Amino acid sequence: MTNWEIRQKWKELHQNAALRNTLRPEIRDSWERSFDYGINPMLRENPYICTQNEFLQYKDNAGYLIEASNRVMNSLFEFVAGTGFVVILSDANLCILKVIGDTESRTWSDNAHLVEGSLWTEELVGTNAGALSIALAKPVSVFGYEHFCLFSHVAACSCAPIK
């Protein structure tokens, strides 16, 4: 699908509730919860960024996780380098602790505020792979138009919880 086709599909899903039944059940259910939360689907960036003190506390609480993940994240980045993907580590609260990516992918993630200290719970930003992965306790991928908010509608994201 082209970006234009993805955007059209995303718009149609927002305009026609019956079309949401074509989504995978876990995505459809997340969309319905996102509507119930009153999330603005037209958000162009994630507005939920921790204060510096809050982020330091999140990082302090996850110090071991951050240290233990470095080698794995760097290996994964070598695998996806040049593909437009970033490698991200978040805590169980979906606070982004670390982002690794090349210049192109970091430009997109920075513009969407997919940055260290940003919060990605379903209650704040709607359907996304991180929130679904935690809620379902399994790896999840979310493609383009399946994301609830505009700022993610052209992204593909895969997440896996660390148990």
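None of these values were measured; they are calculated from a predicted model.

Thresholds applied
- Going along each chain's sequence as written, the residues are numbered from 1 onward.
- The predicted origin of the model limits local features to residues at a pLDDT of at least 70 and limits the giving and counting of side-chain atom pairs to 80 or more, whereas totals for whole chains, interfaces and linings rest on all residues.
- Working from all heavy atoms in the structure, the side-chain values ignore hydrogens and water.
- Each residue's exposure class comes from its accessible area (1.4 Å probe, protein chains only) as a fraction of the maximum for that residue type: buried when under 20%, exposed when over 50%, partly exposed otherwise.
- Only DSSP runs of H or I reaching four residues or more are called helices, and only runs of E reaching two or more are called strands; each is numbered from the N terminus.
- Here, a strand pair is defined by DSSP locating no fewer than two bridges between the strands.
- Buriedness of a pocket was judged along seven lines, with at least five required to meet protein on both sides within 12 Å; pockets are open sets of points on a 1 Å grid over the protein atoms alone, cavities are sets where a 1.4 Å probe fits but cannot get out, and lining residues have an atom within 4 Å of a point.
- Grid points are joined across faces, edges and corners, and a volume is the space filled by probe spheres set on the points.
- When residues are sorted by character, Ala, Val, Leu, Ile, Met, Phe, Trp, Tyr, Cys and Pro go into the nonpolar class, Asp, Glu, Lys and Arg into the charged class, and all the rest, Gly among them, into the polar class.
- Given a helix with a known number of residues, its expected span is that number minus one, times 1.5 Å.
- In this description, one arc is meant: the one made by directions from the helix axis to the C-beta atoms.

1. Topic: the pairing of strand E1 (residues 87–90)
Only one face of E1 is buried, namely the one carrying Val87 and Leu89, since none of Ile88 and Ser90 on the opposite face is buried. In terms of strand pairing, E1 meets strand E2 (residues 96–100) through 4 bridges, oriented antiparallel. When the sheet's bridge partners are listed, Ile88 is paired in E2 with Val99.

2. Points about the environment of Glu146
Mapping Glu146 onto the fold places it in the loop between strand E3 (140–143) and strand E4 (156–159). Overall, the relative accessible area of 8% leaves Glu146 in the buried class. Put simply, Glu146 and Phe77 are 69 residues apart on the chain and 24 Å apart in space, counted from C-alpha to C-alpha.

3. Examining the layout of surface pockets
There is about 1200 Å³ of room inside the largest pocket. As for the largest pocket, its lining consists of 40 residues, and the residues nearest its centre are Val86, Ile88, Cys157, Ser158 and Cys159. Sorting the residues of the lining of the largest pocket by element identifies helix H4 (63–80), E1, helix H5 (103–111), helix H7 (129–136) and E4 as the ones contributing at least two each. The residue inventory of the lining of the largest pocket, partitioned by class, reads 27 nonpolar, 11 polar and 2 charged.

4. Focus: helix H2 (residues 25–37)
Taking 1.5 Å per residue, 13 residues should reach 18 Å; H2 reaches 18 Å between its end C-alpha atoms and fits that length. Considered for burial, the residues of H2 that qualify are Ile27, Ser30, Trp31 and Ser34. Down the axis of H2, the sector holding all buried residues measures 105 degrees, keeping them to one side. Positive backbone phi, approximately 80 degrees, marks Gly38, located one or two places after H2.

All we've got here are geometric facts, nothing functional implied.
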